[in-house]
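Single-letter residue listing:
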Amino acid sequence: MFRADPSQRKAKRMKPSHLSLLAALALVGCSAMPGQQPVTAYGYLRPTGQDGRLLAVVSPWTAQDIDHAVLTLSSGDTLVSTLTIAKADLARRVVFANLKQATTYTVQARAYHDASGTVEIDDASVLPTSCTTTFTTSLDPDVTFGNIALQLLDRTFSGSATGGLSVRAGQVLNPTEGEAIAFSTRTLSVFAGATSSMGTLDGTGTSARFNFPRALAVDASGTIYVADSSNNEIRKITPEGVVSTFAGSTTAGSADGTGTAARFNFPTGVAVDASGTVFVADLHNQEIRKITPAGVVSTFAGATTTGNVDGSGPDARFNYPYGVAVDASGTVFVADEDNDEIRKITPAGVVSTLAGSTTAGSADGTGADARLNTPLSVAVDANDDVYVADENNNEIRKITPAGVVSTLAGSTTAGSADGTGASARFDMPVSVAVDRNGNLYVADYLNHAFRYVTPSGAVTTLATGLRLPWGVGTGASGVYLTNFDQILTLR
């Protein structure tokens, strides 16, 4: 049980997304040879059906996300013309005029999310032959080149289209149902904070300072809330990276109040509900705190005395509550570390025990029959299933709303190995977060790694060599990870 000193202490296969659009009307001047009759070619960007060639691993882009499309017409290695199609013209026919007779042409389509053309959202960057069609003109003055497939990728990824597909070495995968697909193109970068420079300082990006932040949560607008543990503060980061202090101060204590007048004592868990209310696991105060969007802090459940008691508000007792999560209905889940239990709090503040008991162990089962060993973090998905980073068991556990506990990935044998279910290995998983599609992100502390777990339990490694990976959060603005004194983002 490691509290104050951090030095001690598949994507489920979705149906392939071939979401296409209708292309724009345009006349492109391409001079025919003297004496030849010019040829006109007609075609559209159309849906291509689901042929299983590509896999969008999360939710796909849609036609509404397109700023403009670009068509290129080439003959062999010669670029004949480039056509930019505005979003307003996406329902019209494409017309290429003045083409040569008896000539083979290739049309390639690309779609972009931004006006500058830097965020490509189709698969042409991954597979150059995709989003294309080839046709050959004859002596006939008219030819129909048919449909151009414009396949859109995963909107979770920013940047080039390469980041949106699970592609290895340029190959397009043809996964079978339930096959685990590993991400291979995303990287972690610094979003806020500075390496080896502890402190408490508001600012933008790397000018801000944190002191061993242990958890973070992302609200619907992309605002990030950080449990800045050693500063005894809850920090707030805008999607643009501007850091401010939301509540608490560097003076530890237990006091309700507004903003910096409130006091925390080593907060290690944070969650935010749909209304913007923030919940905090206040570890050394043995309390669950609540913060309104205006920064007003109150004590939601527990008291400064340790124990294991179900009850309402201050009558309940926790034993080092480390992690916290909240579902769509406002129910709060708590990783009660030293009680080896997962607790549940209704919106009215009534505390009960969902799973586990004060006897540590590793056993699947229902409610108190299940065993956990130092649960540090909880996350809850859209189905109200709860996921647990079961630290000393080196496992990721899953709990249904009825309290049925199972082991999703890992085993009690520590190690570092990708794989499915019990064949995967973790070494002190300290934090877990779930995205809107049920995919999990795990901070694997002693492996200095950031791991990814599909809903079916397939584990892959996203990044290694991290100094102190701890808190993980997902939301509208992306995936985030605390690493020593910094906040990293996965792009």
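Because the structure is a prediction, the values reported are computed rather than measured.

S.K.: Describe the overall build of the chain, and please don't skip the residues or the numbers.
M.R.: A count of helical and extended segments in the chain gives 0 helices and 37 strands. Every one of the 491 residues in the chain was classed for burial, and the buried ones make up 58%. Summing over all exposed atoms, the chain offers an accessible surface of approximately 18100 Å²; the carbon and sulfur share of this is 50%.

S.K.: Residue-level account of the confidence of the model for the chain, with values.
M.R.: Summarising the model, the chain shows a mean pLDDT of 79, and 74% of its residues fall at 70 or more. The model gives residues 1-35 a pLDDT under 50, and that stretch makes 149 contacts with residues more than four places away or in other chains. Under a pLDDT of 50 for its full length, residues 45-60 has, in the predicted model, 76 contacts with residues more than four places off or in other chains.

S.K.: Run through the packing of aromatic side chains, naming residues and quoting values.
M.R.: Applying the stated criterion across every chain yields a total of 8 aromatic pairs. With a centroid separation of 5.4 Å and an interplanar angle of 65 degrees, the aromatic rings of Tyr-441 and Tyr-452 are classed as edge-to-face. Here Tyr-441 is found in strand 32 (residues 440-444), whereas its partner Tyr-452 is found in strand 33 (residues 449-453), with 11 residues between them in sequence. By the burial criterion, Tyr-441 is buried, and Tyr-452 matches it.

S.K.: So, the sheet that holds strand 14 (residues 242-248): which residues are in play, and what are the values?
M.R.: The sheet built from 5 strands is open, its strands ordered 10-14-13-12-11 with antiparallel pairing. In this open sheet, the two edge strands, each paired with only one partner strand, are strand 10 (203-204) and strand 11 (213-218). Relative to strand 12 (residues 224-228), strand 11 is paired through 5 bridges, and the arrangement is antiparallel. In the sheet register, Pro-213 faces strand 12, and the bridge partner there is Asp-228.

S.K.: If you had to explain the sheet that holds strand 30 (residues 419-420) to someone new, which residues and values would you point to?
M.R.: Strand order across the open sheet formed by 5 strands is 30-34-33-32-31, with antiparallel pairing between neighbours. Only two strands of the sheet have a single neighbouring strand rather than two, namely strand 30 and strand 31 (429-434).

S.K.: Hey, could you go over the pattern of salt bridges for me, with residue numbers and the actual values?
M.R.: Taken as a whole and judged by the stated rule, the model has 14 salt bridges. Among the salt bridges present, the one from Arg-235 reaches Asp-202, with a minimum N-O distance of 3.0 Å. With Arg-235 in strand 13 (residues 233-237) and Asp-202 in the loop between strand 9 (188-193) and strand 10, this residue pair connects regions lying 33 residues apart in the sequence. By relative accessible area, Arg-235 is classed as buried at 0%. Among the salt bridges present, the one from Asp-282 reaches Arg-289, with a minimum N-O distance of 2.8 Å. One network of salt bridges, in which partners are shared, links Asp-202, Asp-228, Glu-233 and Arg-235.

S.K.: Give a description of the side chain of Glu-287 that names residues and reports values.
M.R.: With respect to the element layout, Glu-287 can be found in strand 18 (residues 287-291). Its relative accessible area of 6% is what places Glu-287 among the buried residues.

S.K.: I'd like a rundown of the nonpolar core, residues and numbers included.
M.R.: Formed by 24 residues in total, the largest nonpolar core has its most connected members in Tyr-441, Phe-450, Trp-470, Val-472 and Leu-481. Elements supplying a minimum of two residues to this core: strand 31, strand 32, strand 33, strand 34 (458-463), strand 35 (469-475), strand 36 (478-483) and strand 37 (486-490). Those residues in contact with Leu-481, other than ones at most four positions away along the chain, are Leu-188, Leu-216, Ala-443, Phe-450, Leu-466, Pro-469, Trp-470, Gly-471, Val-472, Gln-486, Ile-487 and Leu-488. Within the second largest apolar cluster, 15 residues are counted, among which are Ala-215, Ala-262, Phe-264 and Val-280.

S.K.: Before we move on, can you summarise the environment of Arg-371 with the specific residues and values?
M.R.: With respect to the helices and strands, Arg-371 occurs in the loop between strand 25 (365-366) and strand 26 (375-380). Relative accessible area serves as the criterion here: at 22%, Arg-371 is assigned to the partly exposed category. C-alpha of Arg-371 to C-alpha of Asp-390: the two residues are 19 residues apart in sequence and 10.0 Å apart in space. Setting aside chain neighbours within four positions, we find Arg-371 in contact with Ser-357, Thr-359, Ala-360, Gly-361, Ser-362, Ala-363, Asp-390, Asn-393 and Arg-397. Of the polar contacts made by the side chain of Arg-371, one reaches the backbone oxygen of Thr-359; its length is 3.5 Å. Here the side chain of Arg-371 touches Ala-368 through a polar contact of 2.6 Å, landing on its backbone oxygen.

S.K.: I'd like a rundown of the environment of Ala-252, residues and numbers included.
M.R.: As for its position among the elements, Ala-252 is in the loop between strand 14 and strand 15 (257-258). Owing to a relative accessible area of 42%, Ala-252 belongs among the partly exposed residues under this scheme. Residues Ala-252 and Asn-231 lie 21 residues apart in sequence; the distance between their C-alpha atoms is 8.2 Å. Not counting residues up to four positions away in its chain, the partners in contact with Ala-252 are Asn-232, Phe-264 and Asn-265.

S.K.: Kindly report on the environment of Tyr-225, identifying the contributing residues and their values.
M.R.: Within the secondary structure layout, Tyr-225 lies in strand 12. Expressed as a C-alpha distance, the spacing of Tyr-225 and Ser-244, which sit 19 residues apart in the sequence, is 9.8 Å. Beyond its immediate sequence surroundings of up to four residues, Tyr-225 is in contact with Ala-215, Leu-216, Ala-217, Asp-219, Arg-235, Lys-236, Phe-246, Val-270, Val-272 and Val-278.

S.K.: An account of unusual backbone geometry is requested, with residue identities and associated values reported.
M.R.: The phi angle at Phe-212 is positive, at roughly 55 degrees, despite the residue not being glycine. Relative to the helices and strands, Phe-212 resides in the loop between strand 10 and strand 11. One non-glycine residue, Asp-384, lies in the positive phi region at around 70 degrees. Inspection of the secondary structure assignment puts Asp-384 in the loop between strand 26 and strand 27 (386-390). Under the relative-accessibility criterion, Asp-384 is labelled partly exposed at 32%.

Quick notes on the rules
Residues numbered from 1 in each chain as written. Predicted model: local features only at pLDDT ≥ 70, side-chain atom pairs only at ≥ 80, totals over all residues. Heavy atoms only, no water. Helix = DSSP H or I, 4+ residues; strand = E, 2+ residues; numbered from the N terminus. Buried < 20%, exposed > 50% of the residue type's maximum accessible area, 1.4 Å probe, protein only. Areas by Shrake-Rupley, 256 points an atom, 1.4 Å probe, with all protein chains shown as cover. pLDDT = per-residue confidence, 0-100. Contact = heavy atoms within 4.5 Å. Phe/Tyr/Trp six-rings, centres within 6.5 Å; stacked < 30°, edge-to-face > 60°. Pairing = 2+ DSSP bridges. Salt bridge = Lys/Arg side-chain N within 4 Å of Asp/Glu carboxyl O. Core = buried A, V, L, I, M, F, W, Y, C linked by side-chain atoms within 4.5 Å. Polar contact = N/O pair within 3.5 Å; in protein donor to acceptor, adjacent residues only side chain to side chain.

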